[in-house]
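Architecture at a glance
Spelled out from the first residue to the last, the chains are:
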Amino acid sequence: MRVHKINNVNKALDFIASKGVKLVSIGAEEIVDGNAKMTLGMIWTIILRFAIQDISVEETSAKEGLLLWCQRKTAPYKNVNVQNFHISWKDGLAFNALIHRHRPDLIDYDSLRKDDPVTNLNNAFEVAEKHLDIPKMLDAEDIVGTLRPDEKAIMTYVSCFYHAFSGAQKAETAANRICKVLAVNQENEQMMEDYEKLASDLLEWIRRTIPWLQNRTQEKTVNDMQAKQEDFRDYRCVHKPPKVQEKCQLEISFNTLQTKLRLSNRPAFMPSEGRMVSNINGAWHTLEGAEKGYEEWILSEIRRLERLEHLAEKFHQKAAIHEAWTDGKEAMLTQKEPDTTTLSEIKALLRKHEAFESDLAAHQDRVEQIAAIAQELNELDYYDSANVNARCQKICDQWNVLGALTQSRKESLKNKEKQLESIDELYLEYAKRAAPFNNWMESAMEDLQDMFIVHNIEEIQGLIAAHEQFKATLTEANEERKAIQAIQANSNPYTTITSENIDEKWAKVFELVPRRDTALQDELNKQNSNDELRAKFASQANKVGAYIKAKMEEIGRISIEMNGTLEDQLTNLKEYQDSIVSYTPEINTLEGYHQLIQEALVFDNKYTPYTMEHLRVSWEQLLTTIARTINEVENQILTRDAKGISQEQLYEYRTSFNHFDKDHSGALMAEEFKACLISLGYDVENDKQGDAEFARIMSIVDPNGTGAVTFQAFIDFMSRETTDTDTADQVIASFKILAGDKNFITAEELRRELPPDQAEYCIARMAPYTGPDAVAGALDYMSFSTALYGESDL
């Protein structure tokens, strides 16, 4: 009866509805009454639910997933371009391509022609029905003969192919898993190679640079040493900054690589011997030590050479004065008196000789000064010491000869004096007073022409004060000159010093006084200019020093008090980094002031506690610190994305960490870390079980036993504890699917299932399979998979 039929159909519709199928406007009455439209609609709904809806490729909808699957499978085939479920299938090539991709033994695809669609369609339908158990749902003539084939019919038929090749889908999934694992390894290996190259290049540069900085070859002049100083400044401002960036990038790359390796369950990267970050830091420390020593040596050498040049000039000046004085003295002392010499003449000669002895004794100090200067030039390693020593020795030898001749002449005159008694006291008085006065004037002229070297205002002011005191004595000296000249007669047998000699030297003294005034004033102006340079440098250095200190404190605070998403933090940090880099012109301005100070040979600065060396190191440290902070956030993003940690979890971890980081050092000591773990629900209380668990955790987060746990180590631990990672077993299982459940795989299978570059990557690294079931060309995918998670070849 009709009522029974309706009841039967309703039972079927209830079952369909229980499977989540929505039947809109379809009732049992319409089906029983033979409503073709309703009946077909219900059939399509059933097909959509049970044949198509379960199809999912990359989390797309059923229809989109099926279309994407078709596109991927037919992509390698010429003349096939699947864009829909109607006209893309009219020529029959897409159906044949699907079958050939999974069963190449069933179809000779290259023999098919695009201009023969009926033959193509019938070939595909017959092969599918005969070999794949897919019933022939469509007629070739109906598809070719219509402008737009029925989309639902094509889609239903294609879904049968999808289910028939479901085993191949597993292989595709396995291949995708392998591709992801291989991509991770390839990327990591590339990063390792890049690190090794960058580390090698940087170490080689340091190796080449250190000997240059350790070279202490002395130059002969201040100008030569200043040329070396200019080369060093060029190294500091041009050559070193890019290497500072490379070193910072190297550390960042190393940290990022280690994070990626931990996130992908790979062993930590161990650089080749001598290329560890610690090795680079050690070499860099040696480089900076050599830099400091080289700069200090250059400055000390400039001071030494400046002192040497001053001493050498002073030596030659005093030597010239002395040589001029001694000229003709030997001839005078060896002169023989005639036998007709009178008593008065002998006495005059004797007094004249006594005056000469007084003059000779007065010049003893100059000879000693000349010898002392020569000795100092020797001790300071003056390059022309040989000539200085030769001249000094000649002066000393001549001085000894003069001493001996003076004594001999004195004895000769005294022998004759015993026979002579007359003396003219007036002439004697003149001679005795004229000789020291003459010597005083010579000393005054020598002092007025004396070279000087000063380094600050106080020293030049001292010289000016001494010069003023000297000028104050000139009036008294002039009175003495007049008194001496009042005694002098037309001729005086007791001395060679005449009134004209005294007047000439007195005029010379008055000529030298204003010259000395000018020289001292020029030096005062120079020291005032140097003081202005000190003040300019100090003003800029104090500003730069305060800026760097403030920014370092800000970075420390920012790294602890980070708010918002990690992406927001990263954006804010990079903007902050840009603002710091924009301060570089201020550093360059300071470098300019420092260059002017060095060129002016200014070696001290009472206006600032900062040195250029200190500020350079602090600036480099500031740039490195902000770059490292950015890298920490990037690594946290890597960790979050790779491990699926939510932003809320990261915020919770950061909040807990900061709460126990009381001293804001960026690291937790053991007891602080234990308290942090307890706050997160870990059972690490002070009992046997808790102590064992805490010891296990500490061995993970602090493998080197430093007693401190960084935030990155803490995040890595939490990510390992709360998420899963890919494993060697998963990769082995994926290869097993591609190999058709065999214990080995062939190169042909790898090339068929994997992209070309990754297939070749595997073939190049897989060892031959040697098991009992081995065949020719068999490759061992098990040991290869295990090695992916083992030690790197690099």
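A short tour of the structure in this document, coming up. Everything numeric here is computed off the predicted structure, so don't read it as measured data. (Residues numbered from 1 in each chain as written. Predicted model: local features only at pLDDT ≥ 70, side-chain atom pairs only at ≥ 80, totals over all residues. Heavy atoms only, no water.)

Moving on, we get to the pattern of salt bridges. If you walk through the whole model with that rule in mind, you get 43 salt bridges. Of the charged contacts, one joins R2 and D33 as a salt bridge, the two residues approaching to 2.4 Å between their closest N and O atoms. Separated by 31 residues along the polypeptide, R2 in helix α1 (residues 2-18) and D33 in the loop between α2 (28-32) and α3 (36-52) bring together distant segments of the chain. Of the residues examined, R2 reaches a relative accessible area of 42% and is grouped as partly exposed. Beyond isolated ion pairs, a larger network of salt bridges with shared partners links R236, K240, E288, E291, E295, E591, E613, R616 and E620. (Salt bridge = Lys/Arg side-chain N within 4 Å of Asp/Glu carboxyl O. Helix = DSSP H or I, 4+ residues; strand = E, 2+ residues; numbered from the N terminus. Buried < 20%, exposed > 50% of the residue type's maximum accessible area, 1.4 Å probe, protein only.)

All right, on to the nonpolar core then. I580, W619, F673, V701 and F714 are the most contacted members of the largest nonpolar core, which has 45 residues in total. Contributions of two or more residues to this core are made by α18 (499-560), α19 (566-581), α20 (584-599), α21 (612-643), α22 (647-660), α23 (670-679), α24 (688-701) and α25 (711-722). The residue makeup of this core includes at least three contributed by each of domain 4 (434-643) and domain 5 (644-721). M225, I302, A312 and I395 belong to the second largest nonpolar core, which has 44 residues in total. (Core = buried A, V, L, I, M, F, W, Y, C linked by side-chain atoms within 4.5 Å. Domains from an automatic or database assignment.)

Once that is clear, we can look at helix α8 (residues 151-164). Over its 14 residues, α8 runs 20 Å from end to end, which matches the ideal 20 Å to within 8%, given 1.5 Å per residue. Of the residues that open α8, the one with a side-chain oxygen 3.3 Å from the backbone nitrogen of K152 is D150. (Expected span 1.5 Å × (residues − 1). Polar contact = N/O pair within 3.5 Å; in protein donor to acceptor, adjacent residues only side chain to side chain.)

Let us now look at the packing of aromatic side chains. For the structure shown, the criterion picks out 31 aromatic pairs. When the centroid spacing of 5.5 Å and the interplanar angle of 45 degrees are considered together, the rings of Y195 and F254 count as tilted. Here F254 lies in helix α10 (residues 222-263) and Y195 lies in helix α9 (residues 166-214), a separation of 59 residues in the sequence. By the burial criterion, Y195 is buried, and F254 matches it. Joined through ring pairs, the aromatic side chains of W205, W212, F232, Y235, W284, Y294 and W297 make up one cluster. (Phe/Tyr/Trp six-rings, centres within 6.5 Å; stacked < 30°, edge-to-face > 60°.)

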